[in-house]
Amino acid sequence: MTKTFKAVLLASIFAVFAIPASAARQERVQAKGKVFDVQGQPLAFATVALMAKDSTIVGGTSTDMEGAYVLEANAGSYTLVASMIGYRDLSLEVVLSAPVTELEEITLEDDSEMLEAAKVTEKVSLVEMKMDKIVMNVSQSAFAQTSNALDLVKKAPGVTIDKDGNIKLNGKSVSIWIDGRPSHMDGKSLENLLRSTSGTSIERFELMPNPSSKYDAQGQGGIINIKTKRNALAGFNGSLGGSAAGMYFKKPDVFEWNEDLWANLNYRGKKTNTFVNLYEGIYNMGMDFSTELELREPDFKQHTESFQNNSYRAFNVKLGNDWFINDKNILGVIATVPGSWNVMGGRKGEEYNGFTDQTLAGETARDLSSSLNNQKNLQGSANINYTHIFDPDRSAELTANLDWYRNASRDNNSISDRVVLEDESLGDIHEKVVANGSVLDIFSAKLDYQTVVWKNAMLETGAKWALSMTDNKMLKTETGLADNRNDFTYREQVAAAYVSLAKPFFDNKFTVKAGLRGEYTNSFGDWKSTGTSTPRSYFDLFPTVFLGYNHSENLMLNLSYTRRIQRPNYQNLNPAEEYVDAHSLVKGNPDLKPQYTNSVSASVMFFKHFSVAMGYDYTRDMFTQMPEYSVSGEQILTWANFGTNQMAYVNANISAFPIAKWLQWTLNLNALYSDNRNGELRNSNFIFAGYTDFSFILPKDWKIQIDGSYNTPMTWGYFKLSSMWSCNLGVKKTMLDNRLTISLDVDDIFRSSHQNMEIIGGDPNVIRAASTLKYYNQMVKIGVMWNFGQAQRTRYRKVGSLDETSRLGSGSLGGK
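Analysis parameters
- Residues numbered from 1 in each chain as written.
- Predicted model: local features only at pLDDT ≥ 70, side-chain atom pairs only at ≥ 80, totals over all residues.
- Heavy atoms only, no water.
- Helix = DSSP H or I, 4+ residues; strand = E, 2+ residues; numbered from the N terminus.
- Buried < 20%, exposed > 50% of the residue type's maximum accessible area, 1.4 Å probe, protein only.
- Contact = heavy atoms within 4.5 Å.
- Areas by Shrake-Rupley, 256 points an atom, 1.4 Å probe, with all protein chains shown as cover.
- Phe/Tyr/Trp six-rings, centres within 6.5 Å; stacked < 30°, edge-to-face > 60°.
- Lys NZ or Arg CZ within 6 Å of the ring centre and 35° of its normal.
- pLDDT = per-residue confidence, 0-100.
- Patch = residues over 30% accessible without salt bridge, like charges linked within 9 Å, V, L, I, M, F, W, Y side chains within 5 Å.
- Salt bridge = Lys/Arg side-chain N within 4 Å of Asp/Glu carboxyl O.
- Pairing = 2+ DSSP bridges.
- Axes fitted to C-alpha atoms, helices over the stretch in contact; angles between N-to-C directions.
- Polar contact = N/O pair within 3.5 Å; in protein donor to acceptor, adjacent residues only side chain to side chain.
- Core = buried A, V, L, I, M, F, W, Y, C linked by side-chain atoms within 4.5 Å.

**Structural notes on the overall build of the protein chain**
Looking only at helices and strands, the protein chain has five helices and 48 strands in total. Put simply, the protein chain has 816 residues, and 56% of those count as buried. Across the protein chain, every contact between residues at least 6 apart in sequence was considered, and the portion connecting residues at least 24 apart equals 67%. Of the roughly 34600 Å² of accessible surface on the protein chain, 60% is carried by carbon and sulfur atoms.

What follows is the structure in structure tokens.
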């Protein structure tokens, strides 16, 4: 065993288990430094150790995300050893004398020979708990092979997705980011985007319920950042793969099938790093949708049933390049072009896919209906980013971002129905067609600066400006009625600035971080069809405070306070109609105001695997949909500000607990009390949500994963939702030194994906209004992936800042 290997091994053990301080006390000093690669990029998670003359390890640690490390030892002379997989080890002689000794920078060179022979094994936990976030390492999941980003985000601790595609963290709406940049959509549109992102391209999810002032204040429940894989090793490498899935459902007599193909390619030279991600997918899912409606005046009852098959096609092209101009300047570009086609209708060859029974004053009539919804969506985005490093010793750097984003969508709803006459013949065709077109453009510019002040305090400050413009047009034609046109444009500017300071105290045991963000918003909604407009201008301050106590890796305490805003997504402001079925439609509201949330939370993490958090949130002007009903039985849901919501919660986590050498257990439990109030209605309830995962690490590179989730019934605004639960199975086998991976997954094992929704309050003329959704999404999936080139390791640059795109959204039924 060589000295270097011995040093690395002992230092790694030292980083996990604290060495007892029972030795005789001498003068203790600190050694600080940073580790970089040959391109001048910080190396995170590198191992750094201090070795005495007799080869005894006296201290060891790992570098942080900035490549920085801090070691403590007695004053004297040592050998400093730095090591990381994929790089050549480096040793140098150092003398520690001053209370704080600043050591010279360490540059590690690539070790290509070792990488070619190395066999990468899984050592990272599926779920890790950090001081300010929870990290789910998706690349360690057996489900990643055959899943897309939407499938995987559902498995993140505390995350739920309702039937409208709204993603929530601990029961609150969040902003979804990808690689430090906001996603391009919300609701169903975001659901489509995540479905067109391969799970194999994702490294991890970062769940941040209380982001700092550096991040946009948009997002009631914080941020979920989806980090994709980026390679940092020289040469050409990447992965190719695909999957196929299918299942037959006897009751609707349909065979649903999915398939996808993807490629993640990367080339890194001495001065450039180029990456290309390609995806093409086909997704099919059936859905039963039924509604019940009973009115007082007139004496009216209605029952509807329909089957809708969702046939989805998507592609996604993402490419980018970083130029390492020199050791202090980096220039990068990123471009993304996703697109999708989504057709919702009945079974192939079926003339009618639904029926409606209406009873008026004791007389019942039935009509048959067919609906076809054809959606096309094309997006484009570009980012130019520049980073200048002023002083690596102080982590002083400036990052600039310029962003552009466009989303163009067309939605054509065609609905026809015919009354069944007494002789069982069909009456005349009644038809309505709703055509919606929408274009959204966003321009954004952002500057971020950071530096170390007062020896160990981190100062961050920056400014941002964003301009959003939407143009929405609708044309509705209906048998026997005049054409109905809608023309709505919306323009919004947001200017923001922030400052944040974090400083440790008492030998880094205590950390205080405080920040303040100011945002000025100026918007103008022009409903040209009615000649009305909605100008709005407001300025808000968003303070954040974090207190942390880090006794050791076995005990961490945190307290936080944040204030956040949730602006309406652009589609929820658009008053155009969007039909869900023959008798249900959704409309936006130009007068919809932002909602504000104040959050206080406390958490404790102990023994690395366990954590408990509790908190309280107060939200005013909360979003919901206002239900209205016409005497003909048509259900109209209009976005509105409901009132206030108060939420208290307790969250408990067990993260990758080693029950045995071959079995790890992850458990996430959320208990929430929610109270919704407005001037005329109050509803409150207790909500419980849980997620669990068992990972079996078996010999010969086999891995089996079983997970499940459960949510109790809940109320939100005017809606009461039933419970939901699911269970999934994943099996993964790697071979040929991890070059080839084959997987088999079963989603929704027990076919439990269904939900009931009941409307409470609202229209006093309504006796009962309810709906039921049943999804046919059980699938058996087979996937294969081939890795080529050198072993992979990820890197991250803090670029991209297009937060406004996360508000695009789409009309949906019963949205939150």
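**Focus on the packing of aromatic side chains**
By the definition in use, this model includes 14 aromatic pairs. Arranged with centres 5.8 Å apart and planes meeting at 80 degrees, the rings of phenylalanine 506 and phenylalanine 510 form a pair that is edge-to-face. Chaining the aromatic ring pairs together yields one cluster made of Phe249, Phe307 and Tyr776. Here arginine 366 stacks its cationic end above the ring of phenylalanine 355, 4.1 Å away from the centre of that ring. Seen from the ring of phenylalanine 505, lysine 503 lies directly overhead, with NZ or CZ sitting 5.5 Å from the centre.

**Some thoughts on the confidence of the model for the protein chain**
When pLDDT is averaged along the protein chain, the result is 82, and 83% of the positions lie at 70 or above. Confidence over residues 1–26 falls short of pLDDT 50; this stretch has 28 contacts with residues more than four positions distant or in other chains. Contacts from residues 810–816, a stretch scored under 50 in pLDDT, to residues over four places away or in other chains number 39 contacts.

**Examining a nonpolar patch on the surface**
A contiguous nonpolar patch, built from Trp323, Ile325, Leu331, Val333, Ile384, Tyr386 and Leu402 and spanning about 590 Å² of accessible area, is present on the exposed surface. Elements represented by at least two residues in the nonpolar patch include exactly strand S21 (300–326), strand S22 (329–345) and strand S24 (363–391). Among the secondary structure elements, valine 333 is positioned in strand S22.

**Observations regarding the pairing of strand S48 (residues 779–788)**
If a strand is regular, its side chains alternate between the two faces of the sheet. Both strand S18 (residues 235–249) and S48 contribute to a ladder of nine bridges, which runs antiparallel. Bridging across to S48, glycine 242 finds its partner in valine 784. As judged from the eight bridges shared by strand S45 (residues 740–747) and S48, these two strands associate in the antiparallel manner. Each bridged residue has a counterpart across the sheet, and for threonine 741 the counterpart in S48 is methionine 785.

**A word on the pairing of strand S47 (residues 766–776)**
Sheet analysis places strand S20 (residues 272–295) next to S47, joined by 10 bridges and oriented antiparallel. From the neighbouring strand, serine 290 faces S47, where its bridge partner is threonine 772. Bridge count between strand S46 (residues 754–759) and S47: five bridges; the pairing is antiparallel. Bridge assignment links methionine 757 to a residue of S47, and that residue is serine 771. Between S46 and S47, which pair antiparallel and follow one another directly, the connecting turn spans six residues, one of which, glycine 761, has a positive phi of 75 degrees.

**Topic: the sheet that holds strand S33 (residues 584–587)**
Read from one edge to the other, the open sheet built from four strands follows the order S32-S33-S37-S36, with strand pairing classed as mixed. Either end of the sheet is taken by a strand with one partner, and the two such strands are strand S32 (577–581) and strand S36 (623–629). Each strand axis lies, on average, 30 degrees off the axis of its neighbour in the sheet, ignoring direction. With four bridges connecting them, S33 and strand S37 (residues 635–641) associate as parallel partners. Its bridge partner being in S37, valine 586 is matched across the sheet by leucine 637.

**Section: the side chain of asparagine 353**
By the secondary structure assignment, asparagine 353 is in the loop between S22 and strand S23 (354–360). At 3.1 Å, the side chain of asparagine 353 forms a polar contact with the backbone nitrogen of serine 371. Every residue in contact with asparagine 353, bar those within four places of it in the chain, is listed here: Glu305, Ser306, Phe307, Gln308, Gly345, Gly346, Ser369, Ser370 and Ser371.

**Observations regarding unusual backbone geometry**
For the bond running from glutamate 297 to proline 298, omega is -5 degrees, close enough to zero to count as cis. Mapped onto the elements, proline 298 comes out in the loop between S20 and S21. Phi is positive for arginine 751, which is not a glycine, with a value near 50 degrees. Relative to the helices and strands, arginine 751 resides in the loop between S45 and S46. Residue classification places arginine 751 among the partly exposed residues on the basis of a relative accessible area of 35%.

**A closer look at the pattern of salt bridges**
Two side chains bearing opposite charge may form a pair once their charged atoms approach each other closely. Under the definition given, this model contains 21 salt bridges. Glutamate 634 serves as the salt-bridge partner of lysine 432, at 3.3 Å between the closest nitrogen and oxygen. Of this pair, lysine 432 sits in strand S26 (residues 430–453) while glutamate 634 sits in the loop between S36 and S37, and the two are 202 residues apart along the sequence. Like glutamate 634, lysine 432 is buried.

**As for the nonpolar core**
In this structure, Leu80 and Leu96 are the most contacted members of the largest nonpolar core, which totals 21 residues. Of all the elements in the fold, those that place two or more residues in this core are strand S1 (28–37), strand S2 (47–51), strand S4 (68–74), strand S5 (76–83), strand S6 (90–96) and strand S8 (106–108). When neighbours within four sequence positions are excluded, leucine 96 is seen to be in contact with Val29, Ala31, Leu50, Ala73, Ala75, Gly76, Tyr78, Thr101 and Leu103.

**A word on the environment of glutamine 41**
Within the element layout of this structure, glutamine 41 appears in the loop between S1 and S2. The exposure class of glutamine 41 is buried, given its relative accessible area of 9%. With 25 residues separating them along the chain, glutamine 41 and glutamate 66 place their C-alpha atoms 8.6 Å apart.

**Observations concerning the environment of glycine 380**
Along the chain, glycine 380 falls in strand S24. Along the primary structure glycine 380 and alanine 335 are separated by 45 residues, whereas in three dimensions their C-alpha atoms are 7.5 Å apart. When near neighbours in sequence (up to four residues on either side) are disregarded, glycine 380 contacts Thr336, Trp404, Tyr405 and Arg406.

**Here's the deal with the environment of serine 523**
Inspection of the secondary structure puts serine 523 in strand S29 (residues 510–527). For the pair serine 523 and methionine 469, spaced 54 residues apart in sequence, the C-alpha to C-alpha distance is 9.8 Å. Setting aside its immediate chain neighbours within four residues, serine 523 contacts Tyr490, Arg491, Glu492, Thr534, Pro535 and Arg536.

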